[in-house]
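Observations on chain architecture
The primary structure of each chain is shown beneath.
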Amino acid sequence: MIMLLINVIYFQLLKALNFVYITLPKIIKNGTEKAIEFTWIEVISKTECNCVLYYFNRRFAIKYYTLTSRKVSTSHFLLLYFLSNILCAAALPPVIRLEDQRDSSVEFSFKYAVYRINKDKLLLSNTQLIYDIEYVPRDDSFRTTKKVCRQLELGVNAIFGPSDPLLAAHVQSICESFDIPHIESRIDYKASIKEFSINLYPSQRLMNLAHRDLMVFLNWTKTAIIYEDDFGLFNQQDLIRATTDLKIEIYIRQASPETYRRVLRAIRQKEIYKIIVDTNPAYINSFFRTILQLQMNDYRYHYMFTTFDLETFDLEDFKYNGVNITAFRLVDVKSQRYEEVIEQMMKLPHSGLEYINGQPYIQTQSALMFDSVYTFAAGLTELDRSHLLRFHNISCSNDMSWNDGLSLYNYINSVSIHGLTGHVSFVEGYRNRFQIDLLKLKHKKIEKVGIWKPDVGVNITDPTAFYEIHTSNTTLIVMTREEKPYVMVRNEGNQIGNSRFEGFCIDLLEAIATQVGFHYKIELVPDNMYGVYNPDSNSWNGIVRELMERRADLAVASMTINYARESVIDFTKPFMNLGIGILFKVPTSQPTRLFSFMNPLAMEIWLYVLGAYVLVSFTLFVMARFSPYEWNNPHPCLIDSDIVENQFSVSNSFWFITGTFLRQGSGLNPKATSTRIVGGIWWFFTLIIISSYTANLAAFLTVERMITPIESASDLADQTDISYGTLEGGSTMTFFRDSKIDIYRKMWEYMEKRRSSVFVKTYEEGIKHVLEGNYAFLMESTMLDYAVQRDCNLTQIGGLLDSKGYGIATPKGSIWRDPMSLAILELQEKGIIQILYDKWWKNTGDVCNRDEKSKESKANALGIENIGGVFVVLLCGLALAVVVAILEFCWHSKKTVQLTENQSLCSEMAEELRYAIHCHASKKRPSLKRICVKCTPDSTYVPVNLGSGTPNISGVHYNFFN
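Sequence order sets the numbering: in each chain, residues are counted from 1 along the sequence as written. This being a predicted model, a pLDDT of at least 70 is required before a residue's local features are given, and a value of 80 or more before pairs of side-chain atoms are given or counted; all residues contribute to the totals for chains, interfaces and linings. Only heavy atoms go into the side-chain values, all of them from the structure, while hydrogens and water stay out.

In terms of regular secondary structure, the chain is built from 28 helices and 40 strands. Throughout, exposure labels follow a simple rule: accessible area from a 1.4 Å probe, protein chains only, divided by the maximum for the residue type, with under 20% read as buried, over 50% as exposed, and the rest as partly exposed. The 962 residues of the chain split such that 49% are buried. The long-range share in the chain, meaning contacts at least 24 apart out of those at least 6 apart in sequence, stands at 71%. Secondary structure is summarised from DSSP: a helix means a run of H or I of at least four residues, a strand means a run of E of at least two, and numbering begins at the N terminus for each. Throughout, a contact is declared for two residues whenever any of their heavy atoms are within 4.5 Å.

In this section: the sheet that holds strand E11 (residues 249-254). We treat two strands as partners when DSSP finds at least two bridges between them. Taken together, eight strands build an open sheet; the order of strands is E11-E10-E12-E13-E14-E21-E22-E23 and the sheet is mixed. Lying at the two open borders of the sheet, with one neighbouring strand each, are E11 and strand E23 (457-460). On average, each strand axis in the sheet is tilted by 25° relative to the strand beside it, whichever way the strands run. Judged from the four bridges that link them, strand E14 (residues 324-329) and strand E21 (residues 436-441) form a sheet pairing that is antiparallel. Note on E21: the bridge partner recorded for Ala 327 is Leu 439. Lines fitted to the C-alpha atoms define the axes, with helices restricted to the stretch that makes contact. Angles between their N-to-C directions range from 0 to 180 degrees. Packing of helix H7 (residues 260-269) onto the sheet brings it into contact with strand E10 (222-227), E11 and strand E12 (274-278), and relative to E11 it is tilted by some 165°. Strand contacts of helix H8 (residues 284-293): E10, E12 and strand E13 (302-305), with the helix running at about 175° to E13, the strand carrying the most contacts.

Before going further, it helps to examine the side chain of Ser 197. Examined against the element boundaries, Ser 197 turns out to sit in strand E9 (residues 197-199). The residues touching Ser 197, leaving out its near neighbours within four places in the chain, are Gln 172, His 182, Glu 184, Tyr 409 and Gly 429.

The next thing to look at is the layout of surface pockets. In the cavity and pocket records, a cavity denotes points on a 1 Å grid over the protein atoms alone where a 1.4 Å probe fits but cannot get out, a pocket denotes an open set with protein on both sides within 12 Å along at least 5 of 7 lines, and lining residues are residues with an atom within 4 Å of a point. Grid points are joined across faces, edges and corners, and a volume is the space filled by probe spheres set on the points. When its volume is computed, the largest pocket comes out at roughly 1100 Å³. Forming the walls of the largest pocket are 41 residues, and the residues nearest its centre are Trp 540, Met 548, Ala 564, Ser 567 and Val 568. Of all elements in the fold, only helix H5 (204-217), strand E29 (539-540), helix H13 (542-548), helix H14 (563-566) and helix H19 (731-738) reach the threshold of two or more residues within the lining of the largest pocket. Among the elements that make up the lining of the largest pocket, the one with the highest residue count is H19 (five residues). Side-chain classes follow a simple rule in which Ala, Val, Leu, Ile, Met, Phe, Trp, Tyr, Cys and Pro form the nonpolar group, Asp, Glu, Lys and Arg form the charged group, and the remainder, Gly included, forms the polar group. Tallied by class, residues from the lining of the largest pocket come to 17 nonpolar, nine polar and 15 charged.

A few words now on the packing of helix H12 (residues 504-516) against helix H24 (residues 817-829). Across the interface, H12 lies against H24 with an axial gap of 10 Å and an inter-helix angle of 115°. On the basis of the axis angle, H12 is roughly perpendicular to H24. Handedness of the H12/H24 crossing: right-handed. Judged by residue contacts, Leu 508, Ala 511, Ile 512, Gln 515 and Val 516 of H12 engage Pro 819, Met 820, Ala 823, Ile 824, Glu 826 and Leu 827 from H24. Angular relationships are summarised with four words: roughly parallel below 35 degrees, roughly antiparallel beyond 145, roughly perpendicular across 65 to 115, and oblique for the angles in between. Handedness of a crossing is defined here by the sense of rotation of the near helix relative to the far one, left-handed for an anticlockwise turn of less than a right angle and right-handed for a clockwise turn.

Moving on, we get to the pattern of salt bridges. A side-chain nitrogen of Lys or Arg and a carboxyl oxygen of Asp or Glu constitute a salt bridge if their distance falls within 4 Å. The final tally for this structure, using the stated rule, is 28 salt bridges. Between Asp 437 and Arg 329 there is a salt bridge, and its shortest N-O distance comes to 3.1 Å. Highlighted residues: Asp 437 in strand E21 and Arg 329 in strand E14, separated in sequence by 108 residues. Residue Asp 437 shares its accessibility class with Arg 329, and that shared class is buried. The partner of Asp 818 in a salt bridge is Arg 817, with the nearest N and O atoms 3.3 Å apart. Classification of Arg 817 as buried rests on a relative accessible area of 16%.

Next up on the list: the pairing of strand E24 (residues 475-480). Relative to strand E27 (residues 519-524), E24 is paired through six bridges, and the arrangement is parallel. If you follow Thr 480 over to E27, its bridge partner there is Leu 524. Note: E24 against strand E30 (residues 554-555), two bridges, orientation parallel. Bridge pairing in E30 places Met 479 opposite Ala 555.

Each residue after the first adds 1.5 Å to the expected span of a helix. A rise of 1.5 Å per residue sets the reference length of helix H3 (residues 141-152), with its 12 residues, at 16 Å; its end C-alpha atoms lie 16 Å apart and thus fit the reference within 8%. Taken together, the buried positions of H3 are occupied by Ser 141, Thr 144, Thr 145, Lys 147, Val 148, Cys 149, Gln 151 and Leu 152.

The analysis is restricted to geometry; functional conclusions fall outside its scope.
This is the structure in structure tokens:
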């Protein structure tokens, strides 16, 4: 009774001191021991404050800087205490609560958490929790500190809160000084580890990673950050450091409700469409109104809010115009515990619940306060199982700390429960292994489209949500460049709008627009360039620049996908694959030569054959002279004759080799083994040479030979007679400029030195240059095919130098990229793109007719221009024979005249000629009678007896008869 009286007197005293009294504690008896202890609990609500950058040590030394401050309404404290059945029972920690209004949802959440714990038979089953509330001014840190110290003297064991950064610094300093566990549920901008601090709010470092991962997924390259509090500036500076490796251009502005319009207008002028909004939730509706007034609410804009309670705001004006709004949510609204708490709180007369579209909802701060109380209760329960808390009064005037504070802190730090905000666990006082839901505004309401976990990152469960196309009255600006057959301007002068253009890309764009669902307006790029990066000016030109500066929504042209462009803009899936080829003028036919039959063998082979012919002839002559088996009796009937002769004289040796080389007989046959070996080897040699010559002669005489000075890119690089170049400002030029391959670097050095003469502005100019001759144009294979099929004087040299593709270009992070990629894949599977290719490449009526197949499959008839040289050789041989015969005739006539004195050379030649040209004479003729004065007197010539055929014994003499 004495203890009960003391309690009643104590609480009446608190009430007299303007404390809000709720209820009296219950006395739980356990034998003869009774104990009463009191604690403070602060319930936190996020309110406006501009106090930042403070530092404090363990002994309550506080150093801080106040940037700005404003007077706000007073806040209040909640006093919570409990009784235990042990001698020195532990008390629940005090919680310092700061909020602008009494009876807020956070306060109701705190009261309900205490109520549920008191009703729970498993959690603190022998303890009854009782709380009390006190109000203090927000900016009165001195009074707050004094009240906390006063309560420490009453046996405070832990402190909750506050959410205000400045006051939290004071409270944290006190807790560190006296080893009191400090449980918070506020945004902590300082990443350093704090002693005796437990924070249920996700750390700012992890939230920066969450925003960073989402920016990476959405391909953001240019972002604006709007913050309101000075603390928000430090918050977003951490985000900037987390995104430094992403090369994201970030524009930071501080704003307030009075400056929203000015800041947003500046962002719009800079053509920034991705905006992170870190503003006070109380002013979000004002921010929404400014967005609508400035008409920054179409599909191009994407707003990412840092608040966890975006669902509680009215977004009716943004549901149907395509604007993208995203945020994270910490409360696990799908959990069984959340549904159970909602169901129980709705039964209370003053639940403090928010209602969204008629559905009850617990805000994040309320849910964090609920989980904070349960976290402390769970830690105290674990401590109660193995440790005995000792009561100890603490005074701020001395340095004595609470001996059991570290144990209680360690048990709270090791808690692992599932609360309204999902899984709750800690590492060094900071929350880890939690999950936040990613929300996005869709057609009807905000829906969950993904999750984020610290150890996993962002996981999008509904990827299409970020690429929803609001096609109602959506007209896209499509940038292109005139290029046959992709985009061409019609010749008709009365065409306006999109009807002015035709071509492959125009038909493809129409098919994609029909399938995806949007309207478009086609415009030509002002500088007529696709886009190339200039390292000197650090800028892009052409279509790429138009997309980067958001003056166009799409680019549909023969635009190559490469690394440099992909780093600043986005591309869809390629709708056409290609490579770099070499366009060259068709080589002229080889002029027909009279001695073309000698082409099958190279000139050096003919020389080698001639050398072999002479060598083998002399070898045969020498071998025959040395071999005894080649010496034979010339008169076989005269067995005793001592005269022998050798048939392989020098002339006969050459004649034998000539006859066998030409596959003819010579009347000479080797008899010795050595000479037969020489003959056999020569026959084998002539067999191979003649066979090879015959086989290759057919190819040379029946197939048209072309003069091709170059066959590949290496041939171009190794010569300077034929100039070569590319389209200026295109991906082909970039390929050679950035290539690390030696051949291509050598080619780039050549082209760069002759920039004015080898680079062209258009494909038509390059083709014209090729037709003029002595120029090779390096161009993309699709355009090369188009040119070759329309001009029979053009051809492709070698294969492709690389492999790449054409794609539809969009600005970074465009919502149109993925839908168009899907449309391109579907058009490819249906064969529509191939149909369009055939339409503009092959079925235009101006295709060059090449009979390549018949030319390769049929042999040409041989004409006099092909084998006329053989006849020339024959005529030359006959002429040589006539000349030799005349020489022989003259030589023989001169030799005959020398034997006589009364016969002149002319008469002798005339008489011999008369008998030679007598056509009706017999093939046999008698020898002319000649008187040789130099011969012996006994020698005479007598006519042959033609009838008997028996020669005169004294000599054989021939008479010539008329």
